[in-house]
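Observations on the model geometry
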Amino acid sequence: MSFSELFESGFKKRNEDHFAAIVRVAMSDGIIDKEEKEFLDRLATRLDVSELEYEAILKDYNSHPINPPASYDMRLERLYDLARMVWVDNIEGPNQVALLEKLCVGLGFDSDNVKYIADKALSLVHYKVDLDEFTERMKKMNR
């Protein structure tokens, strides 16, 4: 196996594990509703999760480890990506916030703060800030 193949397989596995963690979050209330399913479909495409892998993950999402990003910066980067997806997907109103709050918990943010974090993240992506500004403003929101 070449170095590039090793890198690609590791990247693919991380994407699958990340996708499975989001499926697990979506299943935390026992069901995947229509909006969550549509979001998962688009997310699978963006993460390059094949239909076969998608179905396998849906059947056995608990078999994939939850590996939230270890660093705060990586958590914020994933939050930025997910908040943009939620915003772009036009998941309106309370469903939008509730979905992002679930995803925040899945990323490893403190459950006591997820409402505030999700609201701030959605507000920032609404104003189309870039990743650097998003990260800086999220870090400063508690000051």
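Quick notes on the rules
Residues numbered from 1 in each chain as written. Predicted model: local features only at pLDDT ≥ 70, side-chain atom pairs only at ≥ 80, totals over all residues. Heavy atoms only, no water. Helix = DSSP H or I, 4+ residues; strand = E, 2+ residues; numbered from the N terminus. Buried < 20%, exposed > 50% of the residue type's maximum accessible area, 1.4 Å probe, protein only. Contact = heavy atoms within 4.5 Å. Areas by Shrake-Rupley, 256 points an atom, 1.4 Å probe, with all protein chains shown as cover. Axes fitted to C-alpha atoms, helices over the stretch in contact; angles between N-to-C directions. Parallel < 35°, antiparallel > 145°, perpendicular 65-115°, else oblique. Left-handed = near helix turned anticlockwise from the far one by under 90°. Nonpolar A, V, L, I, M, F, W, Y, C, P; charged D, E, K, R; others polar. Expected span 1.5 Å × (residues − 1). Arc of directions from axis to C-beta. Phe/Tyr/Trp six-rings, centres within 6.5 Å; stacked < 30°, edge-to-face > 60°. pLDDT = per-residue confidence, 0-100. Polar contact = N/O pair within 3.5 Å; in protein donor to acceptor, adjacent residues only side chain to side chain.

Quick word on the overall build of the protein chain
Scanning the protein chain from terminus to terminus reveals seven helices and zero strands. The secondary structure elements of the protein chain, listed N-terminal to C-terminal, are α-α-α-α-α-α-α. Counting across all 143 residues of the protein chain, residues that qualify as buried make up 38%. Intrachain contacts of the protein chain at a sequence separation of at least 6 include 66% that bridge at least 24 residues. A total accessible area of about 8500 Å² is found for the protein chain, and carbon and sulfur atoms account for 53% of it.

Quick look at the packing of helix α6 (residues 114-126) against helix α7 (residues 131-140)
Following both chains from N to C, one finds α6 and α7 inclined at 150°, their axes separated by 11 Å at the closest point. The orientation of α6 with respect to α7, classified from their angle, is roughly antiparallel. Of the two possible hands of crossing, α6 and α7 adopt the one that is right-handed. On α7, the residues that touch Ile-117, Lys-120, Ala-121, Leu-124 and Val-125 of α6 are Phe-134, Arg-137 and Met-138. Of the residues contributing to the contact of α6 with α7, the split by class is six nonpolar, no polar and two charged.

Observations concerning α6
In a regular helix each residue adds 1.5 Å, so 13 residues correspond to 18 Å; α6 covers 18 Å between its end C-alpha atoms and thus fits that length. All of the buried residues in α6 are Val-114, Ile-117, Ala-118, Ala-121, Leu-122, Leu-124 and Val-125. Projection of α6 onto a plane perpendicular to its axis shows the buried side chains occupying an angular sector of 160°, all on one side.

Here's the deal with the packing of aromatic side chains
How two aromatic rings sit relative to each other is given by the distance of their centres and the angle of their planes. What the rule picks out here adds up to three aromatic pairs. Ring plane angle 75° and centroid distance 6.3 Å describe the contact between Tyr-72 and Phe-109, whose orientation is recorded as edge-to-face. You can see Tyr-72 sitting in helix α4 (residues 72-88) and its partner Phe-109 sitting in the loop between α5 (93-107) and α6, a full 37 residues away along the chain. Their ring planes at 55° and their centres at 5.0 Å tell us that Tyr-80 and Phe-134 sit as a pair that is tilted. Residue Tyr-80 is located in helix α4, and its partner Phe-134 is located in helix α7; the two are separated by 54 residues in the primary sequence.

Quick look at unusual backbone geometry
Leave glycine aside and you will find that most residues have negative phi; peptide bonds, for their part, are mostly trans. The phi dihedral of Asp-48 is positive, around 60°, even though this residue is not glycine. Examined against the element boundaries, Asp-48 turns out to sit in the loop between α2 (34-46) and α3 (51-59).

Here we look at the side chain of Arg-75
Following the sequence through the fold, Arg-75 ends up in helix α4. Ignoring any residue separated from it by four or fewer positions in sequence, one finds Arg-75 in contact with Pro-69, Ala-70, Leu-107, Gly-108 and Phe-109.

Quick notes on the confidence of the model for the protein chain
Across the protein chain, the average pLDDT comes to 80, with 84% of residues at or above 70. Note that residues 1-8 has pLDDT below 50 and, in this model, one contact with residues that lie over four places away or in other chains.

Topic: α2
Along its 13 residues, α2 runs 19 Å from first to last C-alpha, staying within 8% of the 18 Å computed at 1.5 Å per residue. Three or more residues of α2 are buried, namely Glu-36, Phe-39, Leu-40, Leu-43 and Ala-44. Down the axis of α2, the buried side of the element spans an arc of 135°, and every buried residue falls inside it. Facing away from the buried side of α2 by over 90 degrees, the exposed positions are Lys-34 and Thr-45. Two or three places before Glu-36, at the start of α2, stands the capping residue Asp-33, its side-chain oxygen 2.8 Å from that residue's backbone nitrogen. The positive-phi residue at the C-terminal boundary of α2 is Asp-48, with phi of around 60°.

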